[in-house]
Amino acid sequence: MEERTAGRRRTPAATLHTVRPWPTTTFNRIFAPINLLAVLALLYHRATQLFLPPPTATSSPPPSFAITLALLVADLVLAFMWATHQALRMNPIRRREKLDKLQNDVVMGSELPGLDVFICTADPYKEPPIRVVNTALSVMAYDYPRDKLSVYLSDDGGSALTLFAFMEAAKFARRWLPFCDRNKVVERNPAVFFGSGSRCSDVAGEVEEIQNMYESMKVKVERVLESGKVDEQCLDSPQDREAFDQWKSHDFTKQHHPAVIQVLVESKADKDGDGRTMPNLIYVSREKSNTSTHHFKAGALNVLLRVSATMSNGPIVLAVDCDMYSNDPKTPLRAMCYFCDPNLGPENSAYVQFPQKYHGINKNDIYAGEFQRLFQIQAMGFDGLRGPNHVGTGCFFRRRAFFGPPSSPVTPEIPELQPDRVANKNGSIRSGSVSELAHKLAGCNYESQTHWGSKIGYRYGSLVEDLFTGYTLHCEGWRSVFCCPERPAFLGDAPISLLDLLTQQKRWATGVLEIGFSRFTTFTYGLKSSAGLLTCLAYSQYVLWSIWSVPLTIYSFLPQIALLNGIHLFPKATEAWFWLYIFVFVGAYGQDALEFVLVGGTVQRWWSDQRIWLLRGLSSHLFGTVEYFLKFLGMAAGFNVTSKVVDEEQSKRYDQGIFEFGVHSPMFVPPTVAALINLLALVQGLVVVLVGICSGGADVAAEVPVVELLVAGFGVVNSWPIYEAVALRSDDGRMPLKTTVWSVALALLVYGTGSLLLR
């Protein structure tokens, strides 16, 4: 058998996946130069207005130098972002795995590499422990050799409630895992399985018994969460009670506590209900100190890399968010189709990225929670270059990739962290020596004077550690692969509150600027690296994502204020330049809509996506940019965990497609001000035009500011949810009165100030 397997491994034709170009590739390559000429022509037109203003013998005064300059800046930013996006449209590809070939012809079960799964959580009240448990159970039940599977939980909240939940999960797993194996269960998240009505008719009694066990565990965990503490009567053994002794110290707080590491299940020692091997399950809460920097999620993941190296040191590492449960038990095998494919160059394949997918999204996806563009459309474009960017979850890494470039590895500070070391081949991961080393590696000062966070592990320096890490790996010469199977590999919860969505994306907006304006910027570090020009262009769109706020803010206010004051900023409908503006707008939006629909979206969901894009530009991107510069000036900014707790009334409104405002937030103010200004400009503009046409006839009709009216009308149509929330709703999700008052006052101020400056 060994000779046969070796022979197959040497066969270069044994490709384990297929590749095909995306249908729009040819169209994209033809349309790009045509649109480029149109964009350059419009920039030329705007620049000539700046330096050669038109004669004043017109029905309206010409725009001032400042107004024209502002519009030129907005157009330059839009042109730059369009240009960077073209890199992702030149060679998008779609891959499909050959699972049968992997299982039957290339890799036998005994040859599959060890797999370490990392799950991160930070707050038991925002990320309920029972949901984190469901995620862990879904990956523990993978169709993968259990003696090669280890699951590590990072609890950055240092919560006894989370540890208790996982102790209960370890007990439940002894029945859940063999049940899934025997009955070929696909939905291995128990909450999803029992909630979907899935039943195995021939084992209905066992299903009911296991469901009762699950409900009992859930009640225990939720009672402990509600009480806020773990009482001794909740614990079954002296060993369990001993594990919680550390929380009895008065010095133990979320931000200041020693490392806590508990081996809840050991593969070599513990068996499931059928007497089979169990995967390892380890709880890790790293040491924290009020005087040490912890580097948020990146720091937690690096601790897991080190702790796992002492116990299992799996050559493959899966990073998954606590709310992104496994939806396909064969997902690791799909990833192995790429890691084991001889035609991909295994020596420089760093990771396989799966898209983030979400369940429970309402019909029209009002908050664009699918992120089709980020997680699928652009990922396919990246895949045609050096591979997709890392998006934080659902990613299988080659452990070796965290230790320097493919051709020049960085040696870790101690031999126990070598990525190719075989860990505990004959020993126990519960042994004193392993525990002692693991606690040392989880210490808050361990990384001092080491390469962790700079040359080894997840990279520090940005709130978006996923993007930064993927980008630096590509710059080092690594490649990656995008895997998007028909059945989603992972499913998670999208925010159902507008404020949660905007807060999350404000953090992203701040984080990308931390990369864009650092020494790792794509314009210097990236271009000098192995990434290549097109990959650097594509990443430039990401690291400067926040500058969308510049053109969107300008176009949300300036044309409208000019319209209110009778000033023309754009060509009249009788001029040839007018049609060039229409071509560029329709071309950009039409191409975007086509891409969206081809990946399975609907026109209505595309409309929601572009509306949220506009909303982000006036809120998340704007506030994220401000926060970045405040941090640059030395003013601290914290990391906010997105809440995974679902409010029943919010959920009902979300299912009905109603926007959730509810609480006052400064981020709601700029979009509301823009909505009011656009409405005022459109109404006044239409009144002036109608009165003029009635009194002046065809000559006045030729002077109609068509583009300005279209821009204001576009803003009004996209602002309809805001108008509803301000004036037409009475539920708890309406716009707060405080936000409305502030917005009206600022709208009047903007209108008055703008009018004075334009006169």
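Residues numbered from 1 in each chain as written. Predicted model: local features only at pLDDT ≥ 70, side-chain atom pairs only at ≥ 80, totals over all residues. Heavy atoms only, no water.

The name recorded for the chain in an unreviewed UniProt entry is Cellulose synthase-like protein G3, from Linum trigynum.

Here's the deal with the UniProt feature "transmembrane region" (unreviewed entry) in the chain
According to UniProt, the feature "transmembrane region" (unreviewed entry) maps to residues 26-45, 65-88, 536-558, 578-601, 613-630, 673-693, 700-720 and 740-758 in the numbering used here. Taken as a whole, residues 578-601 contains 88% helix and 0% strand, while its terminal C-alpha atoms sit 31 Å from one another. This span, residues 613-630, is 89% helix and 0% strand, and a straight line between its end C-alpha atoms measures 24 Å. (UniProt positions renumbered as here; feature names shortened; annotations may be inferred. Helix = DSSP H or I, 4+ residues; strand = E, 2+ residues; numbered from the N terminus.)

Looking at the sheet that holds strand S6 (residues 280-285)
Here we have eight strands laid out as an open sheet, ordered S5-S6-S4-S3-S7-S11-S9-S12, and mixed in their pairing. Lying at the two open borders of the sheet, with one neighbouring strand each, are strand S5 (260-265) and strand S12 (479-482). Averaged over all neighbouring strand pairs, the angle between strand axes comes to 20°, with direction disregarded. Pairing between S5 and S6: five bridges, direction antiparallel. Counterpart to Val263 in the pairing with S6 is Ile282. Here helix H5 (residues 129-140) sits on the sheet and contacts strand S3 (115-121), strand S4 (149-155), S6 and strand S7 (316-321); the angle it forms with S3, its principal contact strand, is near 170°. (Pairing = 2+ DSSP bridges. Axes fitted to C-alpha atoms, helices over the stretch in contact; angles between N-to-C directions. Contact = heavy atoms within 4.5 Å.)

Details of the side chain of Ser540
Looking at where Ser540 falls in the secondary structure, it is placed in helix H17 (residues 533-543). Accessibility expressed as a relative area gives 2% for Ser540, which makes it buried. Within the structure, the side chain of Ser540 is placed 2.7 Å from the side chain of Thr522, a separation counted as a polar contact. The residues touching Ser540, leaving out its near neighbours within four places in the chain, are Phe80, Thr84, Thr522 and Phe523. (Buried < 20%, exposed > 50% of the residue type's maximum accessible area, 1.4 Å probe, protein only. Polar contact = N/O pair within 3.5 Å; in protein donor to acceptor, adjacent residues only side chain to side chain.)

Concerning the packing of aromatic side chains
Aromatic ring pairs are described here by two measures, namely the spacing of the ring centres and the angle between the planes. Tallying each qualifying case throughout the model produces 49 aromatic pairs. Centre to centre, the rings of Phe194 and Tyr214 are 5.8 Å apart; their planes meet at 35°, and the pair counts as tilted. Separated by 20 residues along the polypeptide, Phe194 in helix H7 (residues 190-195) and Tyr214 in helix H8 (residues 204-227) bring together distant segments of the chain. Each member of the pair, Phe194 as well as Tyr214, is classed as buried. For the pair Trp548 and Trp613, a centre-to-centre distance of 5.1 Å together with 85° between the ring planes defines the contact as edge-to-face. Residue Trp548 is located in the loop between H17 and helix H18 (549-564), and its partner Trp613 is located in helix H20 (residues 603-617); the two are separated by 65 residues in the primary sequence. Side by side, Trp548 and Trp613 carry an identical accessibility label, which is buried. Site record: aromatic cluster; members linked through ring pairs are Phe382, Phe468, Tyr471, Phe520, Tyr525, Tyr539 and Tyr542. (Phe/Tyr/Trp six-rings, centres within 6.5 Å; stacked < 30°, edge-to-face > 60°.)

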